[in-house]
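These are the residues of each chain, in order.
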Amino acid sequence: MATSTPASVTTYGNFIDGQWKPSASGQTFENRNPANTDDLVGIFQHSNRADVEAALDAARRAYETWRLVPAPVRAEMLFKVAQLIAGRKEQFARDMTREMGKVLNETRGDVQEAIDMTFYMAGEGRRMFGQTVPSELRNKFAMSVRQPLGVCSIITPWNFPMAIPSWKIVPALVCGNTVVFKPASQTPLSAVNLVKILEEAGIPRGVVNMVTGDGDEVGTPLTTSEMVRVVSFTGSTKVGRIVNQAAAPTFKKVHLEMGGKNVIMIMEDADLELAVDGCLWGGFGTTGQRCTAASRVVVHEKVHDAFVEAFVARARSLVVGDGLDQQTQVGPSNSESQLRTVVSYVDIGKKEGATLACGGNRLSSGPLAKGFFHEPTIFTNVHPTMRIAQEEIFGPVVSVMKCRSLDEAVAIANGVEYGLSAAIYTQDINRAFVAMRDLYTGIFYINAPTIGAEVHLPFGGTKNTGNGHREAGVAALDVFSEWKSCYIDFSGKLQRAQIDVEQI
Ligand code: NAD
């Protein structure tokens, strides 16, 4: 809740039915910079069920007209959205670094991903291909068309505060749905920035609504209400399970993108320098706070020691600090509780008997005193069954394991509950293809780390990472539309499929 607030700090409203307004609860919460908690980024609405119901009702009403706007016209607005975001990329990136910590180059990438996705999906306004197929009967026409579903609940995490909301909101809109968007409480400013652009681009009132606040209070009605037809959620597996269960009684379409424990496999013929570059970026980029972060590295025993030596030396040299500082390579954890999780897993790793090869400590002296900083940390001699090798930590901690063959590496790689992203470093095309076939993940890389997805291919994972849907690419259209198969009989008589079989 807000206490004493400097006059220069802005209080932001919810966006409901085309208006920015305070929550019915009369309560607000603070958003502080994780690199320096003295820095108050803004005050946001601590919303309640009444706000969500008002937003859902606005979305339900707006749907009746928005679904009838031709898709190419909806898309014209989205092209404008992409251009407007591009014009403010630098400001949005700075706001994002300030509210969630990742370094400026990466927040620029986050905003760029929203631009790319919006241009890509706007293009779908003139495609959205269905099928036209021959009919088995004379003088009959058969085709399928995509139909919107109605009101969509969009629930997002804090680690990609503009990219992930855009992956959901933009395809939902181009398909003709309306949305109620609940951003993570750690990143409401980036959500406000995105919604203001949608407003400025002329998206009609009620089509996009945003309600900020807690998972429980705001998230629950978004997953249980009869008015909602689709829930698109990205976040932890724990909350994803709650969302799935909450939505089940009303048979909503539920799209879940959840946790990961991603792996880089390094074979004995790999370009080791390239592999070290990949492991640094995959493991410590975004402070390890990516769903696709490479928190496990499996290395062939023949190159294990050489790899570890180079990897540890490079990790030690990474500059940790405020993401707005040009020199910084690794920003803070997003919150105190996220940092506590990192610290607790370092402790778990030590107790499990893994070797702490570097890092392992919270950083809190000098300019880092007011933030949630932690050293880049590498464990070696990790056994695949240890908790640090099995559970998502979501911080700058990498577990290195040894293998004797590709088969063993694949078994270790697949031996976790998650299935988002995997990578192999090898010069052997045959082994690369075997790994590509046998890794049970939604994303796979050869000679590149586990992060780096592009917006025009499907994104998502297997096992406890996802529930069979994908976002991005044309796959996103499958989440936000339903197929309608249409038959047009112009024979002027009753024709019975499967019964009136024509003999030649
Ligand atoms: P989280 O699960 O704590 O929260 C995600 C969102 O769900 C937030 O907006 C939160 O307020 C909301 N929420 C919480 N309780 C809810 C409830 N009961 N009902 C409805 N909504 C509720 O996750 P987080 O800490 O914000 O993000 C980190 C997690 O997200 C990690 O596990 C990471 O792997 C995952 N993630 C996955 C992907 C992917 O595409 N697979 C991408 C990014 C992040």
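Residues numbered from 1 in each chain as written. Predicted model: local features only at pLDDT ≥ 70, side-chain atom pairs only at ≥ 80, totals over all residues. Heavy atoms only, no water.

**Things to note about the domain arrangement of the protein chain**
Here's step 1: You can read the domains of the protein chain as domain 1 (50-258 + 466-484) and domain 2 (263-446).
Here's step 2: Inter-centroid distance (C-alpha atoms) of domain 1 to domain 2 is 31 Å.
Here's step 3: If you look at the interface, domain 1 gives 16 residues, while domain 2 gives 19 residues.
Here's step 4: Both faces considered, domain 1 and domain 2 share a buried interface measuring about 1500 Å² in area, 58% of it formed by carbon and sulfur atoms.
Here's step 5: Considering only the surface of domain 1 that becomes buried against domain 2, Val-103, Glu-106 and Trp-158 emerge as the three largest contributors, covering 34% of it. (Domains from an automatic or database assignment. Contact = heavy atoms within 4.5 Å. Buried area = accessible area lost by both parts, 1.4 Å probe.)

**Points about the pattern of salt bridges**
Here's step 1: Scanning the model with the defined rule gives 27 salt bridges in all.
Here's step 2: The shortest N-O distance in the salt bridge between Asp-500 and Arg-496 comes to 3.0 Å.
Here's step 3: By relative accessible area, which is 30% here, Asp-500 ends up partly exposed.
Here's step 4: For Arg-496, a relative accessible area of 42% gives the class partly exposed. (Salt bridge = Lys/Arg side-chain N within 4 Å of Asp/Glu carboxyl O. Buried < 20%, exposed > 50% of the residue type's maximum accessible area, 1.4 Å probe, protein only.)

**Details of the site of the ligand**
Here's step 1: The environment of the ligand is formed by 28 residues, the closest being Thr-156, Lys-182, Ser-236, Met-258 and Glu-392.
Here's step 2: In the model, an oxygen atom of the ligand is placed 2.8 Å from a nitrogen or oxygen of the Thr-156 main chain.
Here's step 3: Here Met-258 contributes a backbone N or O atom positioned 2.7 Å from a nitrogen atom of the ligand.
Here's step 4: Here the ligand, which alone exposes 850 Å², has 89% of that area covered by the protein.
Here's step 5: Listed by contribution, the elements that provide at least two residues to the shell around the ligand are helix H7 (215-224), strand E10 (228-234) and helix H8 (237-247).
Here's step 6: Of the residues assigned to the shell around the ligand, the class counts are 15 nonpolar, nine polar and four charged. (Near = heavy atom within 4 Å. Polar contact = N/O pair within 3.5 Å; in protein donor to acceptor, adjacent residues only side chain to side chain. Areas by Shrake-Rupley, 256 points an atom, 1.4 Å probe, with all protein chains shown as cover. Helix = DSSP H or I, 4+ residues; strand = E, 2+ residues; numbered from the N terminus. Nonpolar A, V, L, I, M, F, W, Y, C, P; charged D, E, K, R; others polar.)

**Concerning helix H4 (residues 104-124)**
Here's step 1: With 21 residues, H4 should reach 30 Å at 1.5 Å per residue; the first-to-last C-alpha distance of 30 Å fits that figure.
Here's step 2: The element H4 is extensively covered by neighbouring structure, given that 15 of its 21 residues are classed as buried. (Expected span 1.5 Å × (residues − 1).)

**Some points on the packing of H4 against helix H5 (residues 163-174)**
Here's step 1: Where H4 contacts H5, the two axes come as close as 9 Å, and the packing angle between them is 15°. By the angle between their axes, H4 is roughly parallel relative to H5. Both H4 and H5 take part in a crossing whose hand is right-handed. Side by side, H4 and H5 meet where Asp-110, Glu-113, Ala-114, Met-117, Thr-118, Met-121 and Glu-124 of the first sit next to Ala-163, Ser-166, Trp-167, Val-170, Pro-171 and Val-174 of the second.
Here's step 2: When grouped by side-chain class, the residues that make up the contact of H4 with H5 number eight nonpolar, two polar and three charged. (Axes fitted to C-alpha atoms, helices over the stretch in contact; angles between N-to-C directions. Parallel < 35°, antiparallel > 145°, perpendicular 65-115°, else oblique. Left-handed = near helix turned anticlockwise from the far one by under 90°.)

**A closer look at the nonpolar core**
Here's step 1: Counting 100 residues, the largest nonpolar core has Leu-173, Ile-266 and Phe-307 as the members making the most contacts within it.
Here's step 2: A domain-level breakdown of this core finds at least three residues from each of domain 1 (50-258 + 466-484) and domain 2 (263-446).
Here's step 3: With residues up to four places along the chain from it excluded, the contact list for Phe-307 reads Ile-266, Leu-272, Ala-275, Val-276, Cys-279, Val-297, Val-299 and Val-400.
Here's step 4: Among the nonpolar cores identified, the runner-up in size contains 27 residues, and Val-298, Val-346, Ile-348 and Ala-413 belong to it. (Core = buried A, V, L, I, M, F, W, Y, C linked by side-chain atoms within 4.5 Å.)

**Re the packing of helix H1 (residues 49-66) against H7**
Here's step 1: Relative to each other, H1 and H7 sit at 40°, their axes nearing to 8 Å. Handedness of the crossing formed by H1 with H7: right-handed. Seen from H1, the contacting residues are Arg-49, Val-52 and Leu-56; seen from H7, they are Glu-217, Val-218, Thr-220, Pro-221 and Leu-222.
Here's step 2: Taken together, the residues of the contact of H1 with H7 break down into five nonpolar, one polar and two charged.

**Here's the deal with the pairing of strand E17 (residues 377-380)**
Here's step 1: Along E17, one buried face is formed by Thr-377 and Phe-379 and the opposite face, lined by Ile-378 and Thr-380, is buried too.
Here's step 2: Two strands pair when backbone bridges link them, and E17 and strand E18 (residues 397-403) are joined in this way by three bridges, in the parallel orientation. From the neighbouring strand, Ile-378 faces E18, where its bridge partner is Val-398. (Pairing = 2+ DSSP bridges.)

**Some remarks on the sheet that holds strand E23 (residues 482-489)**
Here's step 1: Taken in spatial order, the three strands of this open sheet run E5-E6-E23, and their pairing is antiparallel. Of all strands in the sheet, those bounded by a partner on one side alone are strand E5 (132-134) and E23. Between one strand axis and the next, the sheet turns by 25° as a mean value, whatever way the strands run.
Here's step 2: Relative to strand E6 (residues 140-147), E5 runs antiparallel, the two sharing three bridges. Paired with Thr-132 across the two strands is Met-143, which belongs to E6.

**What about the pairing of E10?**
Here's step 1: Among the seven residues in E10, six count as buried, and that is most of the element.
Here's step 2: The sheet contact formed by strand E7 (residues 151-155) and E10 spans five bridges and is parallel. Residue Cys-152 lies in a different strand from E10, and its bridge partner there is Val-230.

**Considerations on a nonpolar patch on the surface**
Here's step 1: Residues Phe-141, Met-143, Ile-488 and Phe-490 make up a contiguous nonpolar surface patch of roughly 360 Å² in combined accessible area.
Here's step 2: Within the secondary structure layout, Ile-488 lies in strand E23. (Patch = residues over 30% accessible without salt bridge, like charges linked within 9 Å, V, L, I, M, F, W, Y side chains within 5 Å.)

**A look at the environment of Lys-168**
Here's step 1: As for its position among the elements, Lys-168 is in helix H5.
Here's step 2: The sequence separation of Lys-168 and Phe-29 amounts to 139 residues, and the corresponding C-alpha distance is 25 Å.
Here's step 3: Lys-168 has contacts with Ile-154, Ile-155, Thr-156, Ser-232, Phe-233, Thr-234, His-255, Glu-471 and Phe-480, leaving out every residue within four places of it along the chain.

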